[in-house]
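Report on the structure
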Amino acid sequence: MRDQPVPRAQPVPRALVVLLGIAGAVIALFGLREVASILGPVFLALVLVIAVAPVRGWLDDRGAPTWAQVAVPFLIVVLVLLGMVAVLTFSATQLAYLLPTYAEQFQRLLADAQAYAGTLGIGNEQIDQAVQAIDVGRVVGVAQTLLSSLVGVLSSLFLIVVLLLAMCLDAPVTARILAARHESKAGLVSALTTFAHKTRRYLIVSTVFGLICSALDVAALSILGVPLPLLWGVLALITNYIPNVGFVLGLIPPALLALLDGGVKQMLLVIGAYCVINVVVQSFILPKFLGDAVGLSTTMTFLSLLLWTFVLGPLGAILAIPLSLFARALLVDSDPSATWAAALISGAQASPAPSAEPAVPPAGEPPAAEPAEPPPGRTPEQADGKPPAEPRR
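Focus on the overall build of the protein
- Looking only at helices and strands, the protein features 16 helices and 0 strands.
- When each of the 393 residues of the protein is scored for burial, the buried share is 32%.
- In the protein, 73% of the contacts between residues at least 6 apart in sequence involve partners at least 24 apart.
- Of the roughly 25,300 Å² that the protein leaves accessible, carbon and sulfur atoms contribute 68%.

Written out as structure tokens, the structure is:
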């Protein structure tokens, strides 16, 4: 009796795969959003450890002890964070005391705007409703809320410092484990190594150009006489890590303060100075140095900003690029069959696989001649011109 053929399993419909993938992504994102207060500081600490990893490698190459390989990168990150928090705290305190002094200028600007709107034919009732909706006390309240929220920032900073210490202690062992490149996880280890390299390069280049833009912004604000230029310079450095819209977010506060302090002309000068500095540096110079370090297209960069801001809040906006690179490493780069997805995400066409073609000899050398078959009735020796061997008697 002949064996019955085994029926093939029916393939899963493509629509069902897409729907299940979308459902899984939605569940995962909302789950991450619920633990945003933990996930945000953890990933920020991971990014900071990756940023200072070359310092640890430099110390390791020179035979430094393990405690130095842990302590030096840790102290570098902590000093940078504490310095930034100190500048923000001092400047925010000054801002909270400075804003109430602009109440008279604020009311004068509202009266001028009301008079100008009346010349355009806008009714007085609509103008009065708009003026009543604007209250300078709300602006002062925002500044005071910002000042009080620094306590929460300091508590989060304590968690970040503890995580940094733990990750710096584990960094030497983790580096050796990843360098071993176990064969069973070669794809994942390679993807994580690429993620660390791209994240480090992105942070270094963005920080260098962010410092350049911030220094130029502080100089421009000081020349124009805008109060608290150092605060707005630090804000410009922080918002520099927010893709696409960071420049605008860093421009709004100093422009409004310039409007209150010096009028419309000073505000326009601040906007013009910021546009010249940031647009030239970030749109024309930065892409040439950054190159393909990010590996994300313009559309994917903007979508990652929206997605991670929704999941983690303001910290997600700052970490949008590293988070997207980490997700790409886990879901795309570690899968050899997802080459098309990597090309779609990066916006660059994947290089075609090499085809099996006959080897081409180097220039100046004749192609290798194939051995010719001897003519019928002749031996290979006769074909080579050698005399036939005499028969033995």
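Don't stop here, the text continues.
Things to note about a nonpolar patch on the surface
- On the surface, Val-245, Val-248, Leu-249, Ile-252, Leu-256, Met-300, Phe-302, Leu-303 and Leu-306 cluster together to form a nonpolar patch covering roughly 730 Å² of accessible area.
- For Val-248, the location among the structural elements is in helix α10 (residues 246-262).
- Overall, the relative accessible area of 43% leaves Val-248 in the partly exposed class.

With respect to the pattern of salt bridges
- Tallied over the entire structure, the rule returns 1 salt bridge.
- Here Arg-328 and Asp-333 are joined by a salt bridge, their closest N and O atoms 3.1 Å apart.
- On the accessibility criterion, Arg-328 (11% relative accessible area) is buried.
- The class for Asp-333 is partly exposed, based on a relative accessible area of 28%.

What about the packing of helix α1 (residues 14-34) against helix α12 (residues 298-312)?
- Where α1 contacts α12, the axes come no closer than 7 Å and their chain directions differ by 50°. Compared by their axis directions, α1 and α12 come out oblique. The segment α1 lies against α12, with Leu-29, Phe-30, Leu-32 and Arg-33 engaging Leu-307, Trp-308, Phe-310, Val-311 and Leu-312.
- Residues of the contact of α1 with α12, tallied by class, amount to 8 nonpolar, no polar and 1 charged.

Let's talk about the packing of aromatic side chains
- Tallying each qualifying case throughout the model produces 3 aromatic pairs.
- On the numbers, 5.7 Å between centres and 80° between planes, the contact of Phe-30 with Phe-310 is edge-to-face. Linking Phe-30 in helix α1 with Phe-310 in helix α12, this pair joins segments that are 280 residues apart in sequence.
- With a centroid separation of 5.7 Å and 65° between ring planes, the pair formed by Phe-43 and Phe-326 is classed as edge-to-face. Placement of Phe-43 in helix α2 (residues 36-51) and of Phe-326 in helix α14 (residues 320-333) is noted, with a sequence separation of 283 residues between them.
- Owing to a relative accessible area of 4%, Phe-43 belongs among the buried residues under this scheme.

Side note on the side chain of Gln-69
- With respect to the helices, strands and loops of the structure, Gln-69 is situated in helix α4 (residues 66-98).
- Only 3.5 Å separates the side chain of Gln-69 from the side chain of Asp-60, close enough to count as a polar contact.
- With residues up to four places along the chain from it excluded, the contact list for Gln-69 reads Arg-56, Leu-59, Asp-60, Ala-64 and Pro-172.

Digging into α14
- A rise of 1.5 Å per residue sets the reference length of α14, with its 14 residues, at 20 Å; its end C-alpha atoms lie 18 Å apart and thus fit the reference within 8%.
- Within α14 the residues assigned to the buried category are Ala-320, Ile-321, Pro-322, Leu-323, Ser-324, Leu-325, Arg-328, Ala-329 and Val-332.

Looking at unusual backbone geometry
- Within the chain, Leu-228 stands out as a residue other than glycine whose phi angle is a positive 55°.
- If you trace the backbone, Leu-228 turns up in the loop between α8 (186-224) and α9 (229-239).
- With a relative accessible area of 14%, Leu-228 lands in the buried category.

Overview of the environment of Thr-239
- Positionally, Thr-239 belongs in helix α9.
- A residue is classified by how much of its surface remains accessible, and Thr-239, at 8% relative accessible area, is buried.
- Taking the C-alpha atoms as reference, Thr-239 lies 9.0 Å from Ala-317; in sequence the two are 78 residues apart.
- Ignoring sequence-local partners within four residues, the contact set of Thr-239 consists of Gly-246, Phe-247, Leu-249 and Gly-250.

Quick notes on the rules
- Chains are numbered independently. Their residues run from 1 in the order of the written sequence.
- Where totals are concerned, whole chains, interfaces and linings use all residues; where local detail is concerned, this predicted model gives features only for residues with pLDDT of at least 70, and gives and counts side-chain atom pairs only at 80 or more.
- Side-chain measures here rest on the full set of heavy atoms in the structure, leaving out hydrogens and waters.
- Here a helix means four or more residues in a row that DSSP labels H or I, a strand means two or more in a row labelled E, and each is numbered from the N terminus.
- Each residue's exposure class comes from its accessible area (1.4 Å probe, protein chains only) as a fraction of the maximum for that residue type: buried when under 20%, exposed when over 50%, partly exposed otherwise.
- Throughout, a contact is declared for two residues whenever any of their heavy atoms are within 4.5 Å.
- In short, Shrake-Rupley with a 1.4 Å probe defines the accessible areas, and a residue's cover is counted only from the protein chains shown.
- Like charges are joined within 9 Å and nonpolar side chains (Val, Leu, Ile, Met, Phe, Trp, Tyr) within 5 Å, but only among residues with over 30% relative accessible area and no salt bridge; these make up the patches.
- The salt bridge definition used is simple: a Lys or Arg side-chain nitrogen within 4 Å of an Asp or Glu carboxyl oxygen.
- Between N-to-C directions, angles cover 0 to 180 degrees, with each direction set by a line fitted to C-alpha atoms, over the stretch in contact for helices.
- We call two directions roughly parallel when the angle between them is under 35 degrees, roughly antiparallel when it is over 145, roughly perpendicular when it lies between 65 and 115, and oblique otherwise.
- Following the grouping adopted for this structure description, the nonpolar residues are Ala, Val, Leu, Ile, Met, Phe, Trp, Tyr, Cys and Pro, the charged ones are Asp, Glu, Lys and Arg, and the polar ones are all others, Gly among them.
- Stacked, tilted and edge-to-face are the three classes applied to pairs of Phe, Tyr and Trp rings, where Trp contributes its six-membered ring and a pair requires centres within 6.5 Å; stacked means planes under 30 degrees apart, edge-to-face means over 60, and tilted covers the rest.
- Polar contacts, as counted here, are pairs of nitrogen or oxygen atoms within 3.5 Å of one another; within protein the pair requires one atom able to donate a hydrogen and one able to accept it, and residues that are adjacent in sequence qualify only if both atoms are side-chain atoms.
- An expected span of 1.5 Å times one less than the residue number is assigned to each helix.

This is a description of form; function is not addressed.
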